[in-house]
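Structural description and commentary
Here's the letter readout for the chains.
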Amino acid sequence: HIASFHPPKAFRADQSDEPESIFRDCDCVIEGDTLAVKKITFLFKQLGAKVVPINAANKTLYHAAAVMASNYLVTLAAAAIELLNKAGIQEDIAKAMVANLMTSSLHNIQQAKNLAAALTGPLQRGDLNTLKMHQEALPEGTI
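The structure presented is a predicted model; accordingly, all values stated were derived computationally and were not measured.

Some thoughts on the nonpolar core
- Core analysis: the largest hydrophobic core is formed by nine residues, namely I22, F23, C26, C28, I30, V37, F44, A49 and V51.
- For this core, the secondary structure elements donating two or more residues are strand 2 (27–32) and helix 1 (34–46).
- Once residues within four sequence positions are removed from consideration, A49 is found in contact with F23, C26, C28 and F44.
- A77, I81, V98 and M102 belong to the second largest nonpolar core, which has six residues in total.

Some details on the sheet that holds strand 2
- Judged by pairing direction, the sheet is mixed, and its three strands sit side by side in the order 1-2-3 without closing on themselves. Each end of this open sheet is capped by a strand with a single partner; those strands are strand 1 (3–6) and strand 3 (50–53). Across the sheet, the mean angle separating the axes of adjacent strands is 25° when strand polarity is ignored.
- When strand 1 meets strand 2, the two strands line up antiparallel, connected through four bridges. By the bridge assignment for strand 2, H6 is matched with V29.
- Relative to strand 2, helix 1 is tilted by about 160°, and along the sheet it contacts strand 1, strand 2 and strand 3.

So, helix 1
- The end-to-end C-alpha separation of helix 1 is 19 Å, in line with the 18 Å expected for 13 residues at 1.5 Å each.
- Against strand 1, strand 2 and strand 3 lie the buried residues of helix 1.

Points about the confidence of the model for the chain
- Chain-level pLDDT for the chain is 92 on average; 95% of the residues reach the 70-or-more range.
- Mean pLDDT values over the elements of the chain span from 92, in strand 1, up to 97, in helix 3 (residues 91–111).

What counts and what doesn't
Residues numbered from 1 in each chain as written. Predicted model: local features only at pLDDT ≥ 70, side-chain atom pairs only at ≥ 80, totals over all residues. Heavy atoms only, no water. Core = buried A, V, L, I, M, F, W, Y, C linked by side-chain atoms within 4.5 Å. Buried < 20%, exposed > 50% of the residue type's maximum accessible area, 1.4 Å probe, protein only. Helix = DSSP H or I, 4+ residues; strand = E, 2+ residues; numbered from the N terminus. Contact = heavy atoms within 4.5 Å. Pairing = 2+ DSSP bridges. Axes fitted to C-alpha atoms, helices over the stretch in contact; angles between N-to-C directions. Expected span 1.5 Å × (residues − 1). pLDDT = per-residue confidence, 0-100.

Shown next as structure tokens:
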């Protein structure tokens with residue numbers, strides 16, 4: 001019996017979570033043979049994981065979404081920090097600013113009844129003039 005199990009959690013190489021808590025409240029996507037899925041689901045629920053079954057045919061879409069939500073967030077942060085540096089803000093301050101802003105945006109995503117309600121600023125207002133000024137201010141090749 002075979003199953004595939006994937007936790008969409010950003011595990012850093014230098015992360016030192018305790019083994020008994022690493023899966024607590026962690027979403028874990030699983031697919032496979034019925035018996036294997038049943039056994040693995042039981043084991044990971046004992047660790048506090050939230051097991052989410054998925055059809056094997058949809059694994060690539062699921063994984064693309066996980067990469068987008070995790071790695072693209074990091075690359076977006078790097079781009080924002082680089083722009084703040086170019087605007088004259090020190091690296092450590094820029095990193096903290098971006099992390100705080102992203103954290104508040106993630107909180108909005110969690111709290112809003114839909115994603116459109118989580119938007120703020122010129123996108124939420126439909127302020128095309130400000131967005132055009134942003135685009136013009138960006139270095140060549142940024143977008």
